[in-house]
Amino acid sequence: MSKITSDNSEKMLAVTVNGGARSVQVRKPSAGTGEVVIRVERVGICGTDWAMLNGYSDFRGIIGHEFAGIVIESESAIIAGTRVTASINIPKDIDSALDWKKAKHDPDRTAMGIRGRDGAMAEFVALPENILHKLPDNVDYASGAMAEPLAAALHAVELIPSDADETLIVGDGRLAQLVARGLRYQGIPAAVLGKSLKKMGMMRKSGARIIEDDHAKNGDLFQYIIEASGDEKGIQTAIDLVRPEGTVILKSTMAQLNEIDLSKVVVKEVKLIGSRCGDIAKALRFINSGEIEVNDLISAVYPLKQAARAFEAMKNPDTIKIQLSPHGN
Ligand SMILES: [Zn+2]
């Protein structure tokens, strides 16, 4: 465990929507009632962060919701020195915070780094202790910061029956890779339609069958498709490739949708299911037990002060997950 330092300076580095894809000086947070201050050790950049910098929401604060760190200030049961990550959604009734299904649909919720509350792409973050999850012993900061995206991936996998036929994953990025691992764990055969040879190679290692774009267009249709491509074309591809009365699970949040032809959804009587956040405690158990590996998906780690370079690296089509390290750990 790293040494706890108390930093009394008023300012810290953070990435904010207003500041754009770079780190800027902001006020260091202090703990409100029922809150702890966490020194952020790793924070991942996800598609939602990217979308927010490109106008996906009205949120203007510090972004970042995939993180792990160490509690440095606490008056509560979660004591200083505890290594933690956290759920994203904070319901109005804070006592129900760990009921993650309820929390994510609370109309009055805030969401770390997304809605009404600063996120963790910063040196420090103040959060309610009720949303914290202690990192199990075998979970380091890097993999702890992967618990949130893994939870989101597992939530999509849970929507597919365990005796399903080969399920198509559209996309080969961060979330798609985690979905492939979740499907393999559940014993559901997977096929994948992606773009990057390197990422597809990783998908193959996770047991997924690689299909070519042209082949897919002429080939079999799929009863279940998980769309995790992060782009509009991926949604159309999923609608094109699903069987009549089949199901498409949508994982991508996008700044805008222009031309999706929904007539096929009607004609084929397709079910479209949106899927967002999952159970972080469950994801941490999978990471801790080694049943699902996540660290090999981290393509690069940058210091927080080099956030601009980190966001630039996101544009490389071979990049999977980029993390920022605010304190060099
Ligand atoms: Zn995310």
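Residues numbered from 1 in each chain as written. Predicted model: local features only at pLDDT ≥ 70, side-chain atom pairs only at ≥ 80, totals over all residues.

A. Expanded view of the sheet that holds strand β12 (residues 190–193). Read across the open sheet, the six strands follow the order β13-β12-β11-β14-β15-β16; overall the sheet is parallel. Strands with a single pairing partner mark the edges of an open sheet, and in this sheet they are β13 (209–210) and β16 (271–274). Note: strand β11 (residues 167–170) against strand β14 (residues 222–227), three bridges, orientation parallel. Pairing of L168 across the sheet is with I225, part of β14. (Pairing = 2+ DSSP bridges. Helix = DSSP H or I, 4+ residues; strand = E, 2+ residues; numbered from the N terminus.)

B. Examining the sheet that holds strand β8 (residues 116–117) more closely. Strand order in the open sheet formed by three strands is β6-β7-β8, and the pairing between neighbours is mixed. Lying at the two open borders of the sheet, with one neighbouring strand each, are β6 (89–90) and β8. Relative to strand β7 (residues 110–112), β6 is paired through two bridges, and the arrangement is antiparallel. Within β7, the residue paired with N89 across the bridge is A111.

C. Examining the domain arrangement of the protein more closely. The domain architecture assigned to the protein consists of domain 1 (11–150 + 278–325) and domain 2 (160–274). A separation of 27 Å is found between the C-alpha centroids of domain 1 and domain 2. Residue-level contacts link 16 residues of domain 1 with 16 residues of domain 2. For the side of domain 1 that touches domain 2, the element with the most residues is helix α1 (residues 47–53), which contributes three residues. Tallied by class, residues from the side of domain 1 that touches domain 2 come to nine nonpolar, four polar and three charged. (Domains from an automatic or database assignment. Contact = placed C-beta atoms within 7 Å. Nonpolar A, V, L, I, M, F, W, Y, C, P; charged D, E, K, R; others polar.)

D. Expanded view of the environment of L159. Along the chain, L159 falls in the loop between α4 (147–158) and β11. Under the C-beta neighbour-count criterion, L159 is labelled partly exposed, with 13 such atoms within 10 Å. As a C-alpha pair, L159 and T82 span 77 residues in sequence and 33 Å in three-dimensional space. Here L159 is in contact with I249, I273 and S275, once residues within four sequence places are set aside. (Buried ≥ 20, exposed ≤ 12 C-beta atoms within 10 Å, placed from the backbone.)

E. Representation of unusual backbone geometry within the structure. Even without being a glycine, E245 presents a positive backbone phi close to 65 degrees. Along the chain, E245 turns up in strand β15 (residues 242–250). Even without a glycine there, the phi angle at E269 is positive, about 55 degrees. Residue E269 is classed as exposed on the basis of its C-beta count, with 10 C-beta atoms lying within 10 Å.

F. Structural view of the nonpolar core. Core analysis: the largest hydrophobic core is formed by 98 residues, its most contacted members being I38, A122, L150, I169, V179 and I225. Tallying contributions element by element places α4 first for this core, with eight residues. Mapped onto the domain boundaries, this core takes at least three residues apiece from domain 1 (11–150 + 278–325) and domain 2 (160–274). When sequence neighbours within four positions are dropped, the list of residues in contact with I38 reads G69, I70, V71, I72, V84, F124, V125 and L127. (Core = buried A, V, L, I, M, F, W, Y, C linked by C-beta atoms within 7 Å.)

G. Layout of the packing of α4 against helix α5 (residues 174–186). It is at 8 Å that the axes of α4 and α5 come closest, and there the two elements cross at 55 degrees. Looking at the two axes, α4 sits oblique to α5. In the crossing of α4 with α5, the sense of the turn from one axis to the other is right-handed. Residues P149, L150, A152, A153, L154, A156 and V157 of α4 form the contact with α5, whose participating residues are R174, L175, L178, V179, G182, L183 and Q186. Partitioned by chemical class, the residues of the contact of α4 with α5 number eleven nonpolar, two polar and one charged. (Axes fitted to C-alpha atoms, helices over the stretch in contact; angles between N-to-C directions. Parallel < 35°, antiparallel > 145°, perpendicular 65-115°, else oblique. Left-handed = near helix turned anticlockwise from the far one by under 90°.)

H. Local environment of the pairing of strand β17 (residues 298–303). Across five bridges, β17 lies against strand β18 (residues 321–325) in parallel orientation. Across the sheet, Y302 pairs through a bridge with L324, a residue of β18. In terms of handedness, the path from β17 via helix α11 (residues 307–313) over to β18 forms a crossover that is right-handed. (Right-handed = clockwise from strand over helix to strand, strands pointing away.)

I. Broad picture of the confidence of the model for the protein. Mean pLDDT over the protein works out to 90, with 94% of the residues at or above the 70 mark. Predicted confidence for residues 1–6 stays below pLDDT 50, and this span has nine contacts to residues more than four positions away or in other chains. (pLDDT = per-residue confidence, 0-100.)

J. Looking closely at helix α10 (residues 280–289). Of all the residues in α10, the buried ones are I280, A283, L284 and I287. Along α10, the residues classed as buried sweep out an arc of 100 degrees about the axis, all on the same side. On its buried side, α10 packs onto β5 (83–86), β10 (132–134), α3 (141–144) and α4. Once α10 finishes, G290 follows within two positions and takes phi at roughly 80 degrees, a positive value. (Arc of directions from axis to C-beta.)

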